[in-house]
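Each chain is listed here by its residues.
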Amino acid sequence: MATNTQPKAALIDLTKCIGCRSCQIACKSWNNRGVKPTTLNGNFTNPVDMNSEAYTVVKFVETEKDNMISGWDFIKTQCMHCKDPACASACPVGAFEKRQDGPVIYHDERCIGCRYCMMACPFDVPKYEWEKTSPIVQKCTFCADRLAMGMTPACAKACAPKAIIFGSYDEIVSEAERRIKEHPGDYVNHVYGRNEAGGTSWMYLSAVPFEALGFKTNIPAAPLPDLTWAMLKTIPYKVGGLVAILAAIAYFRNRGASEGAASKKEREG
Ligand code: SF4
Ligand code: SF4
């Protein structure tokens with residue numbers, strides 16, 4: 001797949017989001033995602049968090065001012081596409097790859113199911129297909145396939161009030177900083193994602209302190225991969241041996257799947 005190598009980024013301006021969830025629907029449609037059964041929970045967020053079928057979820061958060069409920073804030077969540085991703089560093093078989101143009105993409109054929117990526121991600125993004133017999137990890141792709149064709153991510157395209165904008169990394173950072181500078185009363189003075197975890201390709205602006213919206217605000221500004229390896233070394237078994245076993249399982253799983261597909265084709269052909 002051809003890629004435009006100029007780094008791209010996206011900005012979500014929460015002050016412009018109207019909670020319509022068009023982004024959520026567009027993501028499902030483009031990425032051919034199904035649905036998981038949900039139950040009513042009274043907080044208007046459905047599903048309550050990202051899952052293997054929902055790469056993006058718009059959360060409804062009730063906010064307070066002066067001890068009074070002041071309104072709703074809508075928070076579109078998805079993979080942050082870190083500039084130096086901890087998931088890629090933690091994965092022993094290179095199933096994650098940070099592309100030069102921005103997306104952190106996942107090679108499911110390499111995955112051995114160890115789920116270190118899930119442990120490593122500071123934003124709690126990668127999700128596992130627990131219910132499947134041959135599960136893989138799922139997460140937002142930054143619509144890498146669309147980017148390769150010169151298109152914008154499906155969610156950004158679908159956002160009518162332009163709460164999501166997409167462009168070159170430098171343009172997006174400048175635009176976020178310009179909005180804060182020119183409208184200081186409208187925003188808290190922080191571009192979320194500018195420095196968190198060493199910087200991310202998706203960033204946010206908000207009128208409400210990010211902590212009050214449930215964002216993780218204790219993420220170090222340094223890239224996390226070094227911390228990831230320090231954490232993995234504390235795991236009390238021989239990681240190399242485990243990886244070899246899991247890789248063998250993944251190999252036979254993938255071979256079984258492709259042989260199954262081949263024999264199905266033969267039967268049908
Ligand atoms: S960038 Fe693409 S995959 Fe990611 S949330 Fe938006 S539509 Fe979904
Ligand atoms: S499409 Fe835009 S306005 Fe609608 S919920 Fe998504 S981010 Fe908010």
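Further up the page is the structure itself.
First things first, this report covers the structure right here in the doc. (Residues numbered from 1 in each chain as written. Chains lettered and ligands numbered in written order. Predicted model: local features only at pLDDT ≥ 70, side-chain atom pairs only at ≥ 80, totals over all residues. Heavy atoms only, no water.)

## As for the site of ligand 1
Taken together, 14 residues sit near ligand 1, with Cys 27, Asn 31, Cys 140, Cys 143 and Cys 155 positioned nearest. Its residues assigned to classes, the shell around ligand 1 shows nine nonpolar, four polar and one charged. (Near = heavy atom within 4 Å. Nonpolar A, V, L, I, M, F, W, Y, C, P; charged D, E, K, R; others polar.)

## What to know about the side chain of Asp 73
For Asp 73, the location among the structural elements is in strand β3 (residues 68-77). Under the relative-accessibility criterion, Asp 73 is labelled buried at 13%. Reaching out from Asp 73, the side chain makes a polar contact with the side chain of Thr 63 at a distance of 3.0 Å. Not counting residues up to four positions away in its chain, the partners in contact with Asp 73 are Lys 59, Phe 60, Val 61, Thr 63, Val 208 and Leu 213. (Helix = DSSP H or I, 4+ residues; strand = E, 2+ residues; numbered from the N terminus. Buried < 20%, exposed > 50% of the residue type's maximum accessible area, 1.4 Å probe, protein only. Polar contact = N/O pair within 3.5 Å; in protein donor to acceptor, adjacent residues only side chain to side chain. Contact = heavy atoms within 4.5 Å.)

## What about the sheet that holds strand β1 (residues 8-13)?
Ordered by their spatial adjacency, three strands build an open sheet running β8-β1-β9, and the pairing between neighbours is mixed. Only two strands of the sheet have a single neighbouring strand rather than two, namely β8 (164-168) and β9 (202-205). Adjacent strand axes in the sheet meet at a mean angle of 25°, parallel and antiparallel pairs treated alike. Relative to β9, β1 runs parallel, the two sharing four bridges. Bridging across to β9, Leu 11 finds its partner in Met 203. Packing against the sheet, helix α6 (residues 169-182) makes contact with β1, β8 and β9, and its axis sits at approximately 130° to β8. (Pairing = 2+ DSSP bridges. Axes fitted to C-alpha atoms, helices over the stretch in contact; angles between N-to-C directions.)

## Remarks on the site of ligand 2
Around ligand 2, the structure places Cys 17, Ile 18, Gly 19, Cys 20, Arg 21, Ser 22, Cys 23, Val 58, Cys 159, Pro 161 and Ile 164. Tallied by class, residues from the shell around ligand 2 come to eight nonpolar, two polar and one charged.

## Let's talk about the packing of aromatic side chains
Enumeration according to the criterion identifies 13 aromatic pairs in this entry. Ring geometry for Phe 96 versus Tyr 106: centroids 5.1 Å apart, planes at 40°, classification tilted. One end of the pair, Phe 96, is in strand β4 (residues 96-98); the other, Tyr 106, is in strand β5 (residues 104-106), and ten residues separate them in sequence. Taking the relative accessible area as the measure of exposure, Phe 96 reaches 6% and is therefore buried. Each ring, one from Phe 142 and one from Trp 202, has its centre 5.4 Å from the other, and the planes form 65°; the classification is edge-to-face. Linking Phe 142 in the loop between β7 (137-138) and α4 (144-148) with Trp 202 in strand β9, this pair joins segments that are 60 residues apart in sequence. As far as burial versus exposure is concerned, Phe 142 and Trp 202 are alike and both buried. Following the ring pairs from residue to residue traces out a cluster consisting of Phe 123, Tyr 192, Tyr 204, Phe 210 and Phe 215. Against the face of Trp 30 rests Arg 146, its NZ or CZ located 4.6 Å from the ring centre. (Phe/Tyr/Trp six-rings, centres within 6.5 Å; stacked < 30°, edge-to-face > 60°. Lys NZ or Arg CZ within 6 Å of the ring centre and 35° of its normal.)

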